[in-house]
Amino acid sequence: MKLSDVHKTASEIKALTRKYMIDTYERYDFVAQTAKGMYLYDEEGHAYLDFYGGIAVNSAGNCNEKVVAAVQDQVGDLMHTFNYPYTLPQVLLAERVCKVLAMDKIFYQSTGTEANEAMIKMARKYGVDHYGPNKYHIITAKGSFHGRTYGAMSATGQPDNACQVGFKPVVPGFSYAEFNNLDDFRAHVTDDTIAIMLEPIQGEGGVNPATPEFMKGIADLCKEKGLLLLLDEIQTGWCRSGNVMAYMDYGVKPDIVSMAKALGGGMPISAICATKEVSKAFTMGAHGTTFGGNPVCCAAAYAEVNELLNRDLAGNAKKVGNYLVEKLKTLPHVKEVRGKGLMIGIEFDAPAGYAIKHGCLDRNMLVTLIGDRIIRLLPPLIATKEDCDQAYEILKAAAIAAIEYNESPHAV
């Protein structure tokens, strides 16, 4: 849908947005009309180099042709039904995902936070079924982010974050240990603990990868104590980190793993995969969803997953990501560059993140911001070294303007 289709101007669309929509997002001052590959285009046709990828969603590229074709084909056959009849996209995707991940079972949802809710519920139900009513405690990491619904929000280890402020009390049964500190996690294990829940790379917490020693130690701790290992791959999963799933780099295997974002290539779909034994916790009526497993979303996800795997976009993310990280280390005023693959955080030595983000926007590049110092890069995994060179020059100019010349971003 374009402005010409609805006979409205960009100013009118912005005014209607301000009038009718609840404002929880900072809006960029343009109307996004089309997108292709590495670029998003505004109402005047200006191209923006996309280094946020819809927040790690458009991994095979914006409006990937095969994903678009799959959606168009499926929409004309079956747009939606409930999960009573069998549907082809749903089962073909299930087979593909479970075989690639060497997992036994899958359950579909629509969003990342729903997937994490399902993972939490499955773990707790498994604990209660096998050990009694008090076996529901889950340890998560400080600095983690697992979603915005009450269970996922309560699992999030950021009590001062806006996603939790004003929403207390949180759901009981969670405690938070220091990320990459095995001793702290061990100290939080109680007789009531059923699981440890982690992001292999903390995203909203500042792009912090788990160390190999920590991740292996956590897996060993779970085996020692009879705990379930729950891995949140909402942002890291499906080739973002340089492997199909980030946990594969660590030589561990979860009992349950959640995924979303890149899975659908732009369509809203998420899932959890679990071992056969743990999945038995979800019996008839224990959990459900109206839109999870929607035929159009599953068709899109099946095409997206095939694109990611068949084109080895994990390999490209690793190669190009390594190249980009080394370049970014030479940026002026950089304190540290963190991440894996094409999930990268740039921490600057001054609280100029907002100005740098808007400096990039002014130079027609899209990035995301964490806190006041960390710029996060999540480009489509089709990014080339030439795209990275362009992004580097824009970031360099934006950082110099923001920090050395104290350039203030314009209001948007």
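See the structure shown above.
Heads up: these notes are all about the structure in this document. Owing to the predicted nature of the structure, the values given are computational and were not obtained by experimental measurement.

Regarding its fold elements, the protein chain presents 14 helices and 17 strands. Computed over C-alpha atoms, the radius of gyration of the protein chain comes to 21 Å, within 12% of the 22 Å expected from 2.2 N^0.38 for 412 residues, which places it in the range of a compact globule. Principal axes of the C-alpha set define a box for the protein chain whose edges measure 60 × 50 × 40 Å. Taking all 412 residues of the protein chain together, 53% fall into the buried category. Looking at the protein chain alone, contacts between residues at least 24 apart form 71% of all its contacts between residues at least 6 apart. Accessible surface, the protein chain as shown: approximately 18,400 Å² in total, 53% of it carbon and sulfur.

Time to look at the pattern of salt bridges. Evaluation of the coordinates by the stated rule reveals 19 salt bridges. A salt bridge links Glu 326 to Lys 329, with the shortest nitrogen-to-oxygen separation between them at 3.2 Å. Note that Glu 347 is salt-bridged to Lys 335, the shortest N-O span being 3.8 Å. In this pair, Glu 347 sits in strand β14 (residues 343-348) while Lys 335 sits in strand β13 (residues 334-340), placing the two residues 12 residues apart along the sequence. Of the residues examined, Lys 335 reaches a relative accessible area of 59% and is grouped as exposed. Overlapping salt bridges bring together Lys 335, Glu 336, Arg 338 and Glu 347 as one network.

Turning next to the nonpolar core. Residues Leu 101, Trp 238, Ile 356 and Leu 377 are the most contacted members of the largest nonpolar core, which totals 81 residues. No other element matches the nine residues that helix α14 (residues 385-404) contributes to this core. Other than its neighbours up to four places away in sequence, Leu 101 contacts Trp 238, Val 244, Met 245, Tyr 247, Met 248, Lys 253, Val 257, Met 259 and Cys 273. Within the second largest apolar cluster, 23 residues are counted, among which are Ala 118, Phe 174, Leu 228 and Phe 282.

A separate point is the environment of Gly 237. Residue placement: Gly 237 occurs in the loop between β10 (228-232) and β11 (256-259). Sequence spacing of Gly 237 and Arg 376 is 139 residues, and the spatial spacing of their C-alpha atoms is 16 Å. With residues near it in sequence (within four places) discarded, Gly 237 still touches Val 244, Met 245 and Ala 262.

Counted at 1.5 Å a residue, the expected span for helix α5 (residues 88-101) with its 14 residues is 20 Å, and the 20 Å between its end C-alpha atoms agrees. Looking at the buried residues of α5, the elements they touch are α4 (65-75), β4 (105-109), β11, β12 (270-274) and α11 (295-310). Phi for Ala 102, located one or two positions after α5, is positive at around 55°.

Moving on, we come to the pairing of strand β17 (residues 374-377). The side-chain alternation of β17 yields two buried faces, one formed by Ile 374 and Arg 376 and the other by Ile 375 and Leu 377. Here four bridges tie β14 to β17, and the two strands are oriented antiparallel to one another. Within β17, the residue paired with Gly 345 across the bridge is Arg 376. Pairing between strand β16 (residues 368-370) and β17: three bridges, direction antiparallel. Each bridged residue has a counterpart across the sheet, and for Thr 368 the counterpart in β17 is Arg 376. If you look at the hairpin formed by β16 and β17, you'll find three residues sitting between the two strands, and Gly 371 has a positive phi there, around 65°.

To continue, consider the sheet that holds strand β6 (residues 174-177). Pairing within the open sheet is mixed, and its seven strands lie in the order β4-β12-β11-β10-β7-β5-β6. Looking along the sheet, the strands with just one partner apiece sit at the ends: β4 and β6. Taken pair by pair, the neighbouring strands of this sheet meet at an average axis angle of 20°, ignoring direction. Here β11 runs beside β12; their pairing, made up of four bridges, is antiparallel. Residue pairing in the sheet places Ile 256 in a bridge with Ala 274 of β12.

In this section: α4. Along α4, the residues that are buried comprise Val 67, Ala 70, Val 71 and Gln 74. Along α4, the residues classed as buried sweep out an arc of 100° about the axis, all on the same side. Opposite its buried face, α4 presents the exposed residues Glu 65, Gln 72 and Asp 73, each directed more than 90 degrees away. Against α5 and α11 lie the buried residues of α4. Regarding α4, its N-cap is Asn 64, as a side-chain oxygen of that residue lies 3.0 Å from the backbone nitrogen of Lys 66 further along.

Inspection of the secondary structure assignment puts Gln 164 in the loop between α7 (150-155) and β6. With relative accessibility at 1%, the residue Gln 164 sits in the buried group. Setting aside residues up to four positions removed in sequence, Gln 164 forms contacts with Met 153, Thr 156, Gln 158, Pro 159 and Tyr 176.

Our focus in this paragraph is the layout of surface pockets. Roughly 1,100 Å³ of volume is contained in the second largest pocket. Going through the elements one at a time, α5, β4 and β12 are the ones with two or more residues in the lining of the second largest pocket. It is α5 that contributes the most residues to the lining of the second largest pocket, five residues altogether. Counted by class, the lining of the second largest pocket contains 16 nonpolar, 10 polar and three charged residues.

Attention now moves to the environment of Met 267. Residue placement: Met 267 occurs in the loop between β11 and β12. You can call Met 267 partly exposed: its relative accessible area is 26%. It is 9.5 Å that separates the C-alpha atoms of Met 267 and Asn 58, two residues lying 209 residues apart in sequence.

Definitions and cut-offs
Residues numbered from 1 in each chain as written. Predicted model: local features only at pLDDT ≥ 70, side-chain atom pairs only at ≥ 80, totals over all residues. Heavy atoms only, no water. Helix = DSSP H or I, 4+ residues; strand = E, 2+ residues; numbered from the N terminus. Rg over C-alpha atoms; globule rule 2.2 N^0.38 Å. Buried < 20%, exposed > 50% of the residue type's maximum accessible area, 1.4 Å probe, protein only. Contact = heavy atoms within 4.5 Å. Areas by Shrake-Rupley, 256 points an atom, 1.4 Å probe, with all protein chains shown as cover. Salt bridge = Lys/Arg side-chain N within 4 Å of Asp/Glu carboxyl O. Core = buried A, V, L, I, M, F, W, Y, C linked by side-chain atoms within 4.5 Å. Expected span 1.5 Å × (residues − 1). Pairing = 2+ DSSP bridges. Axes fitted to C-alpha atoms, helices over the stretch in contact; angles between N-to-C directions. Arc of directions from axis to C-beta. Polar contact = N/O pair within 3.5 Å; in protein donor to acceptor, adjacent residues only side chain to side chain. 1 Å grid on protein atoms, 1.4 Å probe; cavity = no way out; pocket = protein on both sides within 12 Å on 5 of 7 lines; lining within 4 Å. Points joined across faces, edges and corners; volume = space filled by probe spheres on them. Nonpolar A, V, L, I, M, F, W, Y, C, P; charged D, E, K, R; others polar.

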